[in-house]
Amino acid sequence: MASFTPTRSIPHSSNKISSAFTDTHSNLINFKKTHFGFKSNIQTKWSNLSLGGERIRKTDKCFVKEKKKQRGGGGCVVKCTAEGIERGMLVGGRGQEGNFAMPERFKVVALMACVMCLCNADRVVMSVAIVPLAAKHGWNSSFLGIVQSSFLWGYIFSSVIGGALVDKYGGKRVIAWGVALWSLATLLTPWAANHSTASLLAVRAFFGLAEGVALPSMNTLLSRWFPNHERATAVGMSMGGFHLGNVVGLVIAPLLMTSIGISGPFILFSSLGMLWLTFWAYGVTNDPRQCNSISKSELWLIQAGKSDAPSTKGKLPPLRLLFSKMATWAIIFANITNNWGYFVLLSWMPVYFKTVFNVNLKQAAWFSAVPWGTMAISGYVAGASSDFLIKAGYSLTLVRKIMQSIGFIGPGLALLGLNYAKTPVVASIFITIALSLSSFSQAGFLLNMQDIAPQYAGFLHGISNSAGTLAAIVSTIGTGYFVQWLGSFQAFLTVTAGLYFVTAIFWNLYATGERVFY
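Would you explain the packing of aromatic side chains in this entry?
Centre-to-centre distance and the angle between the planes together describe a pair of aromatic rings. Counted by the stated rule, this structure contains 12 aromatic pairs. Summarising the aromatic geometry, the rings of F151 and F207 are spaced 5.5 Å apart at their centres and angled 50 degrees between planes, so their arrangement reads as tilted. Here the residue F151 occupies a position in helix α3 (residues 141-169), and F207 occupies one in helix α5 (residues 197-211), the gap between them amounting to 56 residues. Neither F151 nor F207 differs from the other in exposure class; each is buried. On the basis of an interplanar angle of 50 degrees and a centroid distance of 4.8 Å, the ring pair of F506 and Y510 is categorised as tilted. Here F506 and its partner Y510 are both found in helix α17 (residues 490-510), 4 residues apart, which amounts to about one turn of the helix. Aromatic rings pair up to connect F151, Y155, F207, F242, Y342 and F343 into one cluster.

Shown next as structure tokens:
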């Protein structure tokens, strides 16, 4: 079969064919956008032009260079400009060199989704391991909260530092070091737990320190590799991997612990992290312009679909200026609320199902895993919906407010309903609704950092994430004390729901999709 790969010369290219037709722009093509490409209604004009045995079919906005068929398959190159946007279309088969034409940015997002899956799987293993460890060492609920929150002690410091490093050195190198260090910490966790409680807390804090660079690296790297109208979908796919990490960790960890021992899942996930590094080191660059294997058409698509931020060469923004804008505070408060609710559910769900409904470890893991799996799907839906609304002409500010409102009001209502759940199945349904709708925040505040301050996005992400991490520490420890004090999860779930509602109001008053910092 022929392989159809769109190509287009970037500005100042030496491509002679493209330059010969720079004046042939008219409105004779009506493209209908689909999920996979374009359906076209083209008025075709043929010219008697041939170049080196090739015939060029000319349309007013489309040039199709048709190669003569060769043994083993032929190919054609489609060059189009429609509404200033190019789309990659892979029909199938082989090109002239026998290679499939997969866009480079898809490889980037696939690797990013994989590492985000590992990132969260490494975190959640401890949420499962904490149950047998607590039984072994006789820890009470309040001390369980301290152990669970120890990951966040290091995480809170690395977010700002990691964000600044990402702005200066790019996401590739920073996240590579992060994966190497957190995989080492994961491997050491079982040994630390057997050695002493202090060793366990120290290793978990080091683990959090290494993982703090993951989200700033992801956000910055994807903003460089994807045009604005694809960025929410790319983030949704990467965060889909992140949420699937919960499923992987919650399902695999108890199986390995019961068959191999507590060290089983820690060894597995640390090994997978080192394996991922080998692919990442040679398969990704910080910027698409540094990639040798990217096509000219894909590079043009990326560059034309976003406005490049001026280089700051790693300089930090004036903090006084940064905190003087309400748009900054809208992001910070949104991150605080998102992390508060997220870590309550992440850290306490296995304990919740075991305490409230008296299910065993494997059953608790399954009831906890199902909501995270649906969150991965809904995160992609949120990103695709956001991009669809932007392409449809809705303002960026309106789209960000709609997505974030769903991401806060929906979980708040679901958590209130969770207080009335009488069976583990009903409870799992309410938690599934809460987490699925909370994933819409990925198309809200998480993308908004690039909207208002593209040149300082990593640093702003670090600041807001540190504030969110502090909230996560308070909520994780606070849940333990609330449960021990009141003997119930209901009061803390109600507090969390109220926080969702208040922050949703604040976001709609002060958030903006316009650029604030220049």
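Picking up where we left off.
Whenever I open this one, the nonpolar core confuses me. Can you help?
Across soluble globular proteins, nonpolar side chains have a tendency to be buried as a group. Within the largest apolar cluster, 119 residues are counted, with the highest numbers of intra-cluster contacts made by M116, M218, W276, W280, Y352 and W372. Considering every element that reaches this core, the biggest residue donor is helix α2 (residues 104-137), with 18 residues. Contact partners of W276, with chain neighbours within four places excluded, come to L111, C114, V115, L118, I175 and V179.

Can you walk me through empty space enclosed by the protein in this structure?
Taking a probe equal in size to a water molecule and rolling it over the atoms shows the remaining empty space. Under the counting rule described, the total for this entry stands at 7 cavities of 30 Å³ or more. When its volume is computed, the largest cavity comes out at roughly 240 Å³. Taken together, the elements giving at least two residues each to the lining of the largest cavity come down to α7 (228-259), α11 (326-357), α15 (445-452) and α16 (457-486). Of the residues that constitute the lining of the largest cavity, the class distribution is 9 nonpolar, 10 polar and 1 charged. By volume, the second largest cavity is sized at about 90 Å³. Looking at the second largest cavity, the residues that line it are R123, V124, S127, Q148, F151, L152, R204, F343, L346 and S347. Listing elements by their share of the lining of the second largest cavity, those giving two or more residues are α2, α3 and α11.

Where do I start with α11 in this structure?
An α-helical turn contains 3.6 residues, so any two residues separated by three or four positions project in the same direction. With 32 residues, α11 extends 43 Å between its outermost C-alpha atoms, agreeing within 8% with the 46 Å of an ideal straight helix rising 1.5 Å per residue. A maximum bend of about 60 degrees is found in α11 at W348, where proline P350 lies one to four positions downstream. Taken across its 32 residues, α11 has 25 buried, putting it largely inside the fold. Directly after α11, the chain includes N358, whose backbone phi takes a positive value near 55 degrees.

Is there a simple way to think about the packing of α7 against α11 in this case?
The angle between the axes and the distance between the axes are what describe a pair of packed helices. Interhelical geometry of α7 versus α11 gives an angle of 10 degrees and a closest axis separation of 12 Å. By the angle between their axes, α7 is roughly parallel relative to α11. Across the interface between the two elements, F242, H243, N246 and L250 from α7 touch Y342, L346 and P350 from α11. In terms of residue class, the contact of α7 with α11 is made up of 5 nonpolar, 2 polar and no charged.

Would you mind showing me how to read a nonpolar patch on the surface here?
A grouping of F157, W177, L181, L184, L188, W191, F206 and L209 is seen on the molecular surface, where their side chains present a nonpolar patch of about 820 Å² in accessible area. Broken down by secondary-structure element, the contributors of at least two residues to the nonpolar patch are α4 (171-195) and α5. The leading source of residues in the nonpolar patch is α4, at 5 residues. By the secondary structure assignment, L209 is in helix α5.

Teacher, can you tell me more about the environment of S405 here?
Secondary-structure assignment places S405 in helix α13 (residues 396-418). When its relative accessible area of 16% is taken as the criterion, S405 is described as buried. In sequence terms S405 and N508 are 103 residues apart; their C-alpha atoms lie 7.7 Å from each other. Filtering out sequence-adjacent residues up to four positions away, S405 remains in contact with G410 and N508. Polar side-chain contacts of S405 include one of 2.7 Å to the backbone oxygen of K401.

Calculation notes
Position labels on residues start from 1 in each chain and follow its written sequence. At least 70 in pLDDT is required for a residue's local features to be given in this predicted model, at least 80 for side-chain atom pairs to be given and counted, and no such filter applies to totals for whole chains, interfaces and linings, which use all residues. Calculation of side-chain values draws on the structure's entire complement of heavy atoms; hydrogens and water are dropped beforehand. The criterion for an aromatic pair is that two Phe, Tyr or Trp rings (for Trp, the six-membered ring) have centres within 6.5 Å, with stacked assigned to planes under 30 degrees apart, edge-to-face to planes over 60 apart and tilted to the rest. Helix and strand definitions here come from DSSP, where helices need a minimum of 4 consecutive H or I residues and strands a minimum of 2 consecutive E residues; each element is numbered from the N-terminal end. The buried label goes to any residue with under 20% of its type's maximum accessible area, the exposed label to any with over 50%, and the partly exposed label to all in between, with areas taken from a 1.4 Å probe on protein chains only. For the purposes of this section, nonpolar cores are sets of buried Ala, Val, Leu, Ile, Met, Phe, Trp, Tyr and Cys residues that join through side-chain atoms within 4.5 Å. Between two residues, a contact is recorded if the distance between any of their heavy atoms is within 4.5 Å. A 1.4 Å probe that fits into a set of points on a 1 Å grid over the protein atoms alone but cannot get out defines a cavity; an open set with protein on both sides within 12 Å along at least five of seven lines defines a pocket, and lining residues are those with an atom within 4 Å of a point. Grid points are joined across faces, edges and corners, and a volume is the space filled by probe spheres set on the points. Ten residues, namely Ala, Val, Leu, Ile, Met, Phe, Trp, Tyr, Cys and Pro, are considered nonpolar, four, namely Asp, Glu, Lys and Arg, are considered charged, and the remaining ones, Gly among them, are considered polar. One fewer than the residue count of a helix, multiplied by 1.5 Å, yields its expected span. One axis fitted to the seven residues ending at a residue, another fitted to the seven starting there: the angle between these axes is the bend at that residue. With axes taken as lines fitted to C-alpha atoms, and helix axes fitted only over the stretch in contact, angles between N-to-C directions fall between 0 and 180 degrees. Roughly parallel refers to an angle under 35 degrees, roughly antiparallel to one over 145, roughly perpendicular to one between 65 and 115, and oblique to any angle outside these ranges. Exposure above 30% relative accessible area and the lack of any salt bridge qualify a residue for a patch; like charges then connect within 9 Å, and the nonpolar side chains Val, Leu, Ile, Met, Phe, Trp and Tyr within 5 Å. Every accessible area reported is derived by Shrake-Rupley at a probe size of 1.4 Å, with residue values counting cover from the shown protein chains alone. The rule for a salt bridge is simple: a side-chain nitrogen of Lys or Arg has to be within 4 Å of a carboxyl oxygen of Asp or Glu. Polar contact criterion, stated in full: a pair of N or O atoms within 3.5 Å, where within protein one must be able to donate a hydrogen and the other to accept it, and residues adjacent in sequence count only if both atoms are side-chain atoms.

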